[in-house]
Amino acid sequence: MFKRLRGLFSSDLSIDLGTANTLIYVRGRGIVLDEPSVVAIRQSGNMRSVAAVGLDAKRMLGRTPGNITAIRPMKDGVIADFTVTEQMLQHFIRKVHQSTFLTPSPRVLVCVPCMSTQVERRAIKESAEGAGAREVFLIEEPMAAAIGAGLPVEEAQGSMVVDIGGGTTEIAIISLSGVVYSESVRVGGDRFDEAITSYVRRHYGSLIGEATAERIKEEIGSAWPEGELLEIDVRGRNLAEGVPRSFTLNSHEILDALQEPLMSIVAAVKSALEQSPPELASDIADRGLVLTGGGALLRDIDKLLAEETGLPVIIAEDPLTCVARGGGKALEMIDQHAFELLASD
Amino acid sequence: MTERHDTPIQDTLHMPGTLLKAERERQGLSVDTVARKLNLKPSLVDDFERNQFDKVQIAAYRRGYLRSYARLLHMDEAIIVDAHDRQFGREDASTPRAAPIQTIKPRSGRPGRLGRIVFRLFTLLVIAVLAGLTLVWWQSRDNTPDVTDDGVDTTALPASESITQIPTPIEIPDTTAQVSPTPEQQDTAPTTEPATPATEETAPSTPEVADSATPDTSSAPVATDADTAVPTLAMSFAQDSWVRITDSSGKNVISGLQTAGTTAQAEGTPPFRLTIGNASHVTLRLNGEQVNLAPHTRSNNVAKFTLNQ
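Heads up: these notes are all about the structure in this document. Please read these numbers as outputs of a predicted model, since none were measured by experiment.

1. Here we look at the overall build of chain A
Then step 1. If you tally the helices and strands in chain A, you get 11 helices and 18 strands.
Then step 2. Looking at chain A residue by residue over its 345 residues, the buried ones come to 58%.
Then step 3. Looking at chain A as shown, the accessible area adds up to about 14100 Å², and 48% of this sits on carbon and sulfur atoms.

Rendered as structure tokens:
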């Protein structure tokens, strides 16, 4: 009863609880929050308290003193630390309801990876409930991504969406508001960063942090050898000498570093195409596939997939927010009883 | 979505297909090369360059192809997309078309915000009023008068009255006998038990004072005799009065209309249940002590109470 009352003062939310970033779409207002899924925990004796969440916490990654730990509570698209995820969600939900004087109790739609297990889905649902949600709906990420990209999910036509997130890459063929075939590989932006880190260690004998690897990827990362050669100056700790050293990396080196995770994604896309029913395969061959998620921002990743599959490849508009926007649209459709879009527990 | 043959030349120059075609020709690329690189059919690329987009019905794909084409030619995607939007608008850009979606208009500006605040304040006000009413009701419920089984409203009586009817006959005689012995009581009341705190309040009052002023103390000496002898009720009637007195066994000791100027006496085992009509003209004595009927008399001049309970 009290929750319903608090619900009067809350807005419906769609949350893209991603490994790298958490985005919140508020019904009627659009994307209102886009922050890294990072929480800094302060440990004093046996007491653990949240020191910072989101952007503030991400700045602390790799730079924390002994009593503070900056952690990413999501791993591979699912919850790795239940309590911290709950606290992070609570923080974000309060942040988007800043103006209200009652504790918010919104209806929440959360996106889940399509290959996540029942236990993982339940954990996400309970975590959102623990963070104060009045009602929790789940939707599979590729479905939300397809809606967000504006694909005709409700029509009897095959649409293929490849959502390259921080922890996972979700590939799905969608028709008639349902997922016909889905494939999920635990390769995403994080794996790209790891690949760059290990490449630098192997070839330059230097150790670079997570944040530096991400910066390299964003600035000169590329998935296809065409195009101009870009360079970046990087500083890392030389393992042999033990002192910081500066060196220059170019985009071809990064392309080399990213080959393994990129090939995993290509293999998964090809596998999905092989598994698709012939009618839908024909639709996809005609229209192509749509890339969403932060991974779609990697330079020339569309060219790589186009070359490898021989299909037209489109990068969705504003690919980072596709899932959250799609979730928001699905939330609006809940009132129209479009429940078939939602995922079961 | 249809070809616009009648479009002025100036407008055609700013159409996405025209812009793309001009750039492609400037770079010396053929339609086939572009189509191969984009994995699109050459006829589709040709249609795009002639600003014919009706083969691609879905806006998301249409805009996606245009952006891919622009990227291939190293053009600014935004210019091509803007040109497309000018032609087709953004309405169909990214909404699933099958079902109409109920959307809430973004609340911008002050009035919407103000309205929301007013709505919230109003809701809180309603809740506060409801809570207040509930509290008032709850308190009034606690103060609801309790009615005894004989119909006498005990809360209407003075506090001392309701208290003095409760003491047991054993305790009171002891205290009265000890603290203020009177000649009448000395032969009847045994001096045994020490005084209890509850009865100390009644002790200082003498029987004379009790008779005239305080009815509570007058009932105390009456109760003293009840322990030792059979209680006797004596009534004298100044006017006609209907009386019914029953003792503890339920037997009527006096019943019926008593005429003016008569007296009546009765004995029985207490407690007595009395119903006395025209009570203001009746004098009641229990074991010789007058009982004040006024506190028991209701507005219709009928006294109904239990004596020596």
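2. Describing the packing of aromatic side chains
One pair of aromatic rings is described through two measures. These are the centre distance and the angle between the planes.
All names here are of chain B.
Then step 1. Tallied over the entire structure, the rule returns 5 aromatic pairs over all chains.
Then step 2. Both rings, one in Y61 and one in Y65, keep their centres 6.3 Å apart while their planes meet at 35°; by these two values the pair is tilted. On the criterion of helical spacing, the pair formed by Y61 and Y65 is a turn pair, its members being 4 residues apart in helix 5 (residues 59-72). Each member of the pair, Y61 as well as Y65, carries the same accessibility label: buried.
Then step 3. Here a set of aromatic residues connected by ring pairs shows up, and it is made of F48, F53, Y61 and Y65.

3. Some remarks on unusual backbone geometry
Then step 1. The phi dihedral of D300(A) is positive, around 65°, even though this residue is not glycine.
Then step 2. Structurally, D300(A) can be placed in the loop between strand 17 (289-292) and helix 10 (301-309).

4. Focus: the pairing of strand 3 (residues 252-258) of chain B
Residues and elements named next belong to chain B.
Then step 1. Bridge count for strand 2 (residues 241-246) against strand 3 is 6 bridges, and the pairing is antiparallel. Looking at the pairing, V243 lines up with G256 of strand 3.
Then step 2. Between strand 2 and strand 3, which pair antiparallel in sequence order, lie 5 residues; one of them, G250, sits at a positive phi of approximately 90°.

5. As for the sheet that holds strand 2 (residues 21-26) of chain A
All names here are of chain A.
Then step 1. Strand order in the open sheet formed by 5 strands is 3-2-1-9-10, and the pairing between neighbours is mixed. At either end of the open sheet lies a strand with only one pairing partner, and these are strand 3 (30-36) and strand 10 (135-140). Strand-to-strand twist in this sheet, taken as the mean axis angle between neighbours without regard to direction, amounts to 20°.
Then step 2. Of the pairings in the sheet, the one linking strand 9 (residues 107-112) to strand 10 comprises 6 bridges and is parallel in character. Bridged to V112 within strand 10 is E140.
Then step 3. The sheet strands contacting helix 4 (residues 118-130) are strand 1 (13-17), strand 9 and strand 10, and the helix crosses strand 10 at an angle near 145°.
Then step 4. Where helix 5 (residues 141-149) meets the sheet, it contacts strand 1, strand 9 and strand 10, and its direction lies at approximately 80° from that of strand 10.

6. A word on the sheet that holds strand 17 of chain A
Residue and element names in this part refer to chain A.
Then step 1. Taken in spatial order, the 5 strands of this open sheet run 13-12-11-17-18, and their pairing is mixed. Where the open sheet ends on each side, the last strands, each with one partner, are strand 13 (178-185) and strand 18 (313-315). For this sheet, the mean angle separating the axes of adjacent strands, direction not counted, is 20°.
Then step 2. Contacts between helix 5 and the sheet are confined to strand 11 (159-164), strand 12 (169-175), strand 13 and strand 17, with strand 12 contributing the most and set at about 70° to the helix.

7. Let's talk about the packing of helix 8 (residues 251-275) of chain A against helix 10 of chain A
All names here are of chain A.
Then step 1. Close contact between helix 8 and helix 10 brings their axes to 11 Å; oriented N to C, the two are set at 45°. Accordingly, the angle class assigned to the pair helix 8 and helix 10 is oblique. The handedness of the crossing between helix 8 and helix 10 comes out as right-handed. Here helix 8 contributes L262, M263, V266, V269, K270 and L273 to the contact with helix 10, which in turn contributes I301, L304, L305, E308 and T309.
Then step 2. In the contact of helix 8 with helix 10, the residues fall into 8 nonpolar, 1 polar and 2 charged.

8. Some thoughts on the pairing of strand 2 of chain A
Residues and elements named next belong to chain A.
Then step 1. Of all 6 residues that make up strand 2, 5 are buried, and the element is covered over most of its length.
Then step 2. Bridge count for strand 1 against strand 2 is 5 bridges, and the pairing is antiparallel. The residue bridging L17 from the neighbouring strand is T22, located in strand 2.
Then step 3. Following strand 1, the chain reverses through 3 residues before pairing antiparallel with strand 2.
Then step 4. Here strand 2 hands over to strand 3 after 3 residues, with G28 in that stretch at a positive phi of 85°.

What counts and how
- Here the residue index of a chain counts from 1 through its sequence in written order.
- Chain letters start at A and ligand numbers start at 1, both assigned in the order the entries are written.
- Local features in this predicted model are restricted to residues of pLDDT 70 or higher, and side-chain atom pairs are both shown and tallied only at a pLDDT of 80 or more, whereas totals for entire chains, interfaces and linings draw on every residue.
- Note that the side-chain values use all heavy atoms of the structure and ignore hydrogens as well as water.
- Only DSSP runs of H or I with at least four residues qualify as helices, and only runs of E with at least two residues qualify as strands; both kinds are numbered from the N terminus onward.
- Relative accessible area decides the class of each residue, using a 1.4 Å probe on protein chains only: under 20% of the type maximum gives buried, over 50% gives exposed, and in between gives partly exposed.
- The protein chains shown are the only cover counted for residues, whose accessible areas, like all others here, come from Shrake-Rupley with a 1.4 Å probe.
- Each Phe, Tyr or Trp ring (for Trp, its six-membered ring) is paired with any other whose centre lies within 6.5 Å, and the angle between the two planes then decides the class: stacked below 30 degrees, edge-to-face above 60, tilted in between.
- At least two bridges found by DSSP between two strands is the condition for calling them paired.
- In this analysis an axis means a line fitted to C-alpha atoms, helices contributing only their contacting stretch, and an angle means the value between N-to-C directions, from 0 to 180 degrees.
- By the convention used here, residues are in contact when the closest approach between their heavy atoms is within 4.5 Å.
- When an angle is under 35 degrees it counts as roughly parallel; over 145 it counts as roughly antiparallel; between 65 and 115 it counts as roughly perpendicular; any other value is oblique.
- Crossings are classed by handedness, with left-handed meaning an anticlockwise turn of the near helix from the far one by less than a right angle and right-handed meaning a clockwise turn.
- Charged residues are taken to be Asp, Glu, Lys and Arg, nonpolar residues to be Ala, Val, Leu, Ile, Met, Phe, Trp, Tyr, Cys and Pro, and polar residues to be all remaining types, Gly included.

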